[in-house]
Amino acid sequence: MLVLAAALAAVHFGAPALYLLYLRAAPKKPLQTAAIYPKVAVVVPTYNEARNIEAKLEDVYSQSYPRDRMSIYVVDSASTDGTAEAAERWAAGRRDVRVVVLREPKRRGKAHALNTALAHLADEEVVVITDADSRWLDRDTLRRAVAYLAAADAVSCLKRPAGGGPTEEAYRTWYNRLRLAESLVHSTPVFHGELAAFRREAIAGGFPEDVGADDSYAAIRIAAAGGRAVTPPDVWCIEAVPQRGYPTWRLRRAQHLIQAFARALPNVAKAPPPYRVILAAEAYLHLFNPWLLPAAAALAAASGPPGLALLAAGAAALLYKPYRAWAAGQIYLMAAALRNIWNKE
Ligand code: GDP
Ligand code: MN
């Protein structure tokens, strides 16, 4: 039993390590940029964002991207706090940028709102989705992201957490490294609502309305079909980490990613080879690998003193910050998988 416990633990910790080695050894396809200025639609989905919408619009407006090549679409889903009115008021004061405020009569989720925006686009060639409560790092962020669309089909950002603790920072540092490494090999399956930019034809099919992580799922679909979905080293967003309700927030994020990976599983076999490994590995790491940890712990606990010693060593390792961040991530993924069974929010 102890041997089995050790084997499960070895797979649990070995699988991500192997994946990192693969990413390091795999041939790289450098990310290319060009100073292109296609017409861009910046889409901001909102539900009760009166607190954030003006600052968000101002942030987008102050970008260095040429204003006559940019339209802003706010898609509001029946907010009750006057978000749409605030957006319209803001737009009335800014005549040099095209702003379209779309109002959905009923709230049917972010993906539904994004599809509404897609249906109302003019002749824009690029669609950039950005959450109302997010900020881009500087005024060149949009210009840089779009420059990568000269060669890629979809571009997302790296994230700098604002207001999170050290565990959040450790977790983010690792995730950013991973996104970059995946992007250099082929594509990353994890996209972010802070900034998800797509060539319009790459998302012509719209967003599935029953997958929480609409941006990640779109990225997966694009890369599995042979396109490229990347997070470059110089496109950054600031993520507001909630001070209250942090666990619920992490849980919901994990739920959404699990939905995207579960839905993406049938795409693994179809994906082009370098991306097949990335998608298979990430799906495995999100859906299956976490469960090996409690299984190993239970087996170790049941196998007497040597197993208990092993467990104690595992518990002591929690003093080490990156490991603590890892363990917390595993717990969120398991809790999220269970929660998805009865509440798919
Ligand atoms: P989180 O960052 O994953 O916790 O998700 P948020 O609650 O911040 O939502 C991301 C973005 O989608 C924000 O700009 C929300 O206002 C927006 N959003 C969430 N639900 C809806 C919805 O039903 N309709 C619309 N139009 N936007 C929504
Ligand atoms: Mn948010």
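Note that the structure is a prediction, hence the values are computed from the model and not measured.

(A) Broad picture of the pattern of salt bridges. Tallying each qualifying case throughout the model produces 21 salt bridges. Of the charged contacts in the structure, one is a salt bridge between Glu239 and Lys159, with a shortest N-O distance of 2.7 Å. Taken together, the positions of Glu239 in strand E10 (residues 236–240) and Lys159 in strand E7 (residues 158–162) put the pair 80 residues apart, joining distant regions of the chain. Neither Glu239 nor Lys159 differs from the other in exposure class; each is buried. For Glu282, the salt bridge is made with Arg179, and the minimal N-O distance between the two is 3.0 Å. Of this pair, Glu282 sits in helix H9 (residues 273–287) while Arg179 sits in helix H6 (residues 166–185), placing them 103 residues apart in sequence. For the pair shown, Glu282 and Arg179 are each scored as buried. By sharing partners, the salt bridges in this structure join Lys159, Arg172, Glu194, Glu239 and Arg253 into a single network.

(B) View of helix H7 (residues 214–224). With respect to burial, H7 is a largely interior element, 10 of its 11 residues being buried. Residues of H7 that are buried: Asp214, Asp215, Ser216, Tyr217, Ala218, Ala219, Ile220, Ile222, Ala223 and Ala224. Contacts made by the buried residues of H7 are with helix H4 (110–119), strand E6 (154–156), strand E8 (196–199), strand E9 (229–230), helix H8 (246–264) and H9. Remark: Gly226 follows H7 within two positions and exhibits a positive phi of approximately 105 degrees.

(C) Geometry of the site of ligand 1. Ligand 1 sits among 16 residues. The nearest are Pro45, Glu49, Ser77, Arg252 and Arg253. Contacts to ligand 1 include Val75, whose backbone N or O atom sits 3.0 Å from a nitrogen atom. Taking Ser77, its side chain carries an N or O atom lying 2.7 Å from a nitrogen atom of ligand 1. Within the complex, 86% of the 570 Å² of free accessible area of ligand 1 lies under protein. Elements supplying a minimum of two residues to the shell around ligand 1: strand E1 (40–46), strand E2 (70–77), H4 and H8. Of all the elements, H8 adds the most residues to the shell around ligand 1, at 3 residues. Looking at the shell around ligand 1 residue by residue, the class counts come to 6 nonpolar, 3 polar and 7 charged.

Cut-offs used in this document
- Residues numbered from 1 in each chain as written.
- Chains lettered and ligands numbered in written order.
- Predicted model: local features only at pLDDT ≥ 70, side-chain atom pairs only at ≥ 80, totals over all residues.
- Heavy atoms only, no water.
- Salt bridge = Lys/Arg side-chain N within 4 Å of Asp/Glu carboxyl O.
- Helix = DSSP H or I, 4+ residues; strand = E, 2+ residues; numbered from the N terminus.
- Buried < 20%, exposed > 50% of the residue type's maximum accessible area, 1.4 Å probe, protein only.
- Contact = heavy atoms within 4.5 Å.
- Near = heavy atom within 4 Å.
- Polar contact = N/O pair within 3.5 Å; in protein donor to acceptor, adjacent residues only side chain to side chain.
- Areas by Shrake-Rupley, 256 points an atom, 1.4 Å probe, with all protein chains shown as cover.
- Nonpolar A, V, L, I, M, F, W, Y, C, P; charged D, E, K, R; others polar.

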